[in-house]
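Descriptive structure summary
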Amino acid sequence: MAITISVFERALDEGRGLARDMRVRWALEEVGQFYEVRLVPWEKFKAEAHLARNPFGQIPTYEEGELTLFESGAIVLHIAERFPGLLPQDADARARAIMWMFAALSTMEPPIMDRDVVEYFEAGKSWQGERFAMVDARIRDRLAQLSARMGASDWLDGAFSAADIIMVHVLRRLEGSELLEEYPNLVAYIARAAARPAYQRAFAAQLALWEKAQ
Ligand code: GTB
């Protein structure tokens, strides 16, 4: 069945692959599924046609036959359940992989996204420095806890899974902040994931879009 995802017509991250369609592309590449891309220009995010796909007017969205999904975590979980390769067969291991997906989305990602809010939307505000320090302290706590749990493991829990896709993509948003460098095992974790051929195909696809838009 044909798969279509909605992505930024023109992302603002200069092809760094930080927008959340990267997770979906990566998951589809891991399971070997071809997909079409619908380019959504900024001015159409809140247009009726896109709101019908995602009531919040965001990307990514995912269409497969009659099914339309939004929320990158739900989409990656669906892909992992629909196609083999991204979730363990063993029921307990599968539950743990899904737990890690939630951990990435609801425990790691919020303070990391807050940092962008402080950096871009609170620039010039009198409280920006204080907020930066507070948010960075929260992020450091989370990174230290994740780093301690991962130790020398290659992946979050046994074999590579959908949870690693989400977690690595969440962590990548910190690249360039120097926060990650305090945790060499997390830096190595991201590098290991980024070396995967599926990651590289997904990254190249979104980069090509950005380059074409120049
Ligand atoms: N929880 C949702 C999910 O995981 O799917 C969040 C989706 C989301 O925030 N999407 C952003 C969006 O559509 C794009 S990814 N924003 C438009 C809006 O809310 O109206 C975040 C993002 C935004 C911009 C860049 N950039 O320009 O480089 C990168 C990433």
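Scroll up to find the structure this text is about.
Just so you know, these numbers come straight off a predicted model, no measurement behind them. Going along each chain's sequence as written, the residues are numbered from 1 onward. This being a predicted model, a pLDDT of at least 70 is required before a residue's local features are given, and a value of 80 or more before pairs of side-chain atoms are given or counted; all residues contribute to the totals for chains, interfaces and linings. Here the side-chain values reflect all heavy atoms present in the structure, with hydrogen atoms and water set aside.

**What about the side chain of Asp164?**
- Following the sequence through the fold, Asp164 ends up in helix α6 (residues 162-172).
- In this scheme, a residue with accessible area under 20% of its type's maximum is buried, one over 50% is exposed, and one in between is partly exposed, where area comes from a 1.4 Å probe on protein chains only. Working convention for charge: Lys and Arg count positive, Asp and Glu count negative, and His plus the chain ends are omitted. Salt bridges are identified by distance alone: a Lys or Arg side-chain nitrogen within 4 Å of an Asp or Glu carboxyl oxygen. No salt bridge forms around the buried Asp164; measuring N to O, its nearest opposite-charge neighbour Arg196 is 7.5 Å away.
- Note on definitions: a residue-residue contact is assigned when non-hydrogen atoms from the two residues lie within 4.5 Å. When sequence neighbours within four positions are dropped, the list of residues in contact with Asp164 reads Trp26, Trp155, Leu156, Ala159 and Tyr189. Runs of E in the DSSP output that reach at least two residues are strands. Runs of H or I that reach at least four are helices, and both are numbered from the N terminus.

**Things to note about the site of the ligand**
- Around the ligand lies a shell of 16 residues, among which Leu12, Lys46, Ile59, Glu71 and Ser72 are the nearest.
- Under this definition, polar contacts are N or O atom pairs within 3.5 Å; protein pairs additionally need one hydrogen-donor-capable and one acceptor-capable atom, and for neighbouring residues in sequence, both atoms have to be side-chain atoms. Contacts to the ligand include Glu71, whose side-chain N or O atom sits 2.7 Å from a nitrogen atom.
- In these tables, accessible area is a Shrake-Rupley quantity obtained with a 1.4 Å probe, and a residue counts as shielded only by the protein chains included in the view. For the ligand, the accessible surface in isolation is 670 Å², of which the surrounding protein chains cover 79%. Proximity is defined per residue: if any heavy atom of the residue lies within 4 Å of a molecule or strand, that residue is considered near it.

**Examining the pattern of salt bridges**
- As enumerated under the stated definition, the model contains 15 salt bridges in all.
- In this structure, Arg82 engages Glu64 in a salt bridge whose closest nitrogen and oxygen atoms are separated by 2.4 Å. Residue Arg82 is found in helix α3 (residues 72-82), and its partner Glu64 is found in strand β3 (residues 61-64); the two are separated by 18 residues along the sequence.
- Across the pair Asp154 and Arg192 runs a salt bridge, and its minimum N-O distance is 3.5 Å. Taken together, the positions of Asp154 in the loop between α5 (128-150) and α6 and Arg192 in helix α7 (residues 184-194) put the pair 38 residues apart, joining distant regions of the chain.
- For Asp154, a relative accessible area of 43% puts it in the partly exposed group.
- For Arg192, a relative accessible area of 26% gives the class partly exposed.
- The network of salt bridges with common partners includes Arg20, Arg23 and Glu109.

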